[in-house]
Structures are given as C-alpha cells and as structure tokens.
Amino acid sequence: MPCDECRELSTHEFRSPDDLIHAIRLAAQEMDRGVLAQVGRQAPGRAEQEALETSLAAGAMPGSVRYLFCCTVCGDQFVLVGDTVAGGGGWTRT
C-alpha cells in the first residue's frame, strides 16, 4: 500500500524523450528529499567512472537506462526503464 510520500508515483509509460528526462529528474529530486533510495547501486570503479565521464563529455549517451528504487517510508519498489533515443519505456511500481 503506497504511503503519503510515494502515492503520487504511479505506473506510466513514457511517450517521448522529454517524459523520460522528467522521470529521471523526478526520481533524483525524490532521492534528494530522502523519499526514494536507489536499490543495488554500487559505486563505479575508477576506470569505469573515467570511461563514463569521457563518454558523457563527448556527448555520448547510453542507449538505455534501468534504475531500481524503493520508498524509504513504506518500502514500495519502483523500476524506471527507458530508451534514451526514442524516449520509450516507463516507470513501474512493482
């Protein structure tokens, strides 16, 4: 059962790259607020971090993203999956 903090985070499909970007920004804001926590995230190693920074600096984006989150209040889990080129994917409460 969703709590007051995460009940507005409903399952939906992305219709455009802007929808995907909005969802990623919203997830980041909710993490900053302490409502969401990323699940299974490990800090990248030095070589991995350097490769990522170099790719992003060159304007290269990954073809897809997948993030797992949980609500820090009620424990509900969420998956954010997206195709960064077409903007497809979705936000799913699991």
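Predicted model, so just to flag it, every value in this text is computed and none were measured.

Engineer: Give me the confidence of the model for the chain: which residues, what numbers.
Structural biologist: Within the chain, residue pLDDT values average 85, and 87% of them lie at 70 or more. Mean pLDDT in the chain bottoms out at helix α2 (residues 46-57), which sits at 71, and peaks at strand β5 (residues 89-93), which reaches 93.

Engineer: Explain the pattern of salt bridges to me, and be specific about the residues and the numbers.
Structural biologist: Two side chains carrying opposite charge are able to pair once their charged atoms lie near each other. Here the structure, examined in full by the defined rule, presents six salt bridges. Salt-bridge contacts for arginine 93 lead to aspartate 76; the nearest nitrogen and oxygen are separated by 2.5 Å. One end of the pair, arginine 93, is in strand β5; the other, aspartate 76, is in the loop between β3 (64-71) and β4 (77-83), and 17 residues separate them in sequence. A cluster of three or more residues bridged by salt bridges with shared partners is formed by Asp4, Arg7 and Glu8.

Engineer: Can you explain the nonpolar core? Please cite residues and give values.
Structural biologist: Ranked by internal contacts, the top residues of the largest apolar core, which has 15 residues, are Phe69, Phe78, Leu80 and Trp91. Those elements giving two or more residues to this core turn out to be α1 (17-33), β3 and β4. If we ignore the near neighbours within four places in the chain, the residues touching tryptophan 91 are Leu9, Ser10, Thr11, His12, Phe14, Ala27, Leu36, Phe69, Phe78, Val79 and Leu80.

About the thresholds
Residues numbered from 1 in each chain as written. Predicted model: local features only at pLDDT ≥ 70, side-chain atom pairs only at ≥ 80, totals over all residues. Heavy atoms only, no water. pLDDT = per-residue confidence, 0-100. Helix = DSSP H or I, 4+ residues; strand = E, 2+ residues; numbered from the N terminus. Salt bridge = Lys/Arg side-chain N within 4 Å of Asp/Glu carboxyl O. Core = buried A, V, L, I, M, F, W, Y, C linked by side-chain atoms within 4.5 Å. Buried < 20%, exposed > 50% of the residue type's maximum accessible area, 1.4 Å probe, protein only. Contact = heavy atoms within 4.5 Å.

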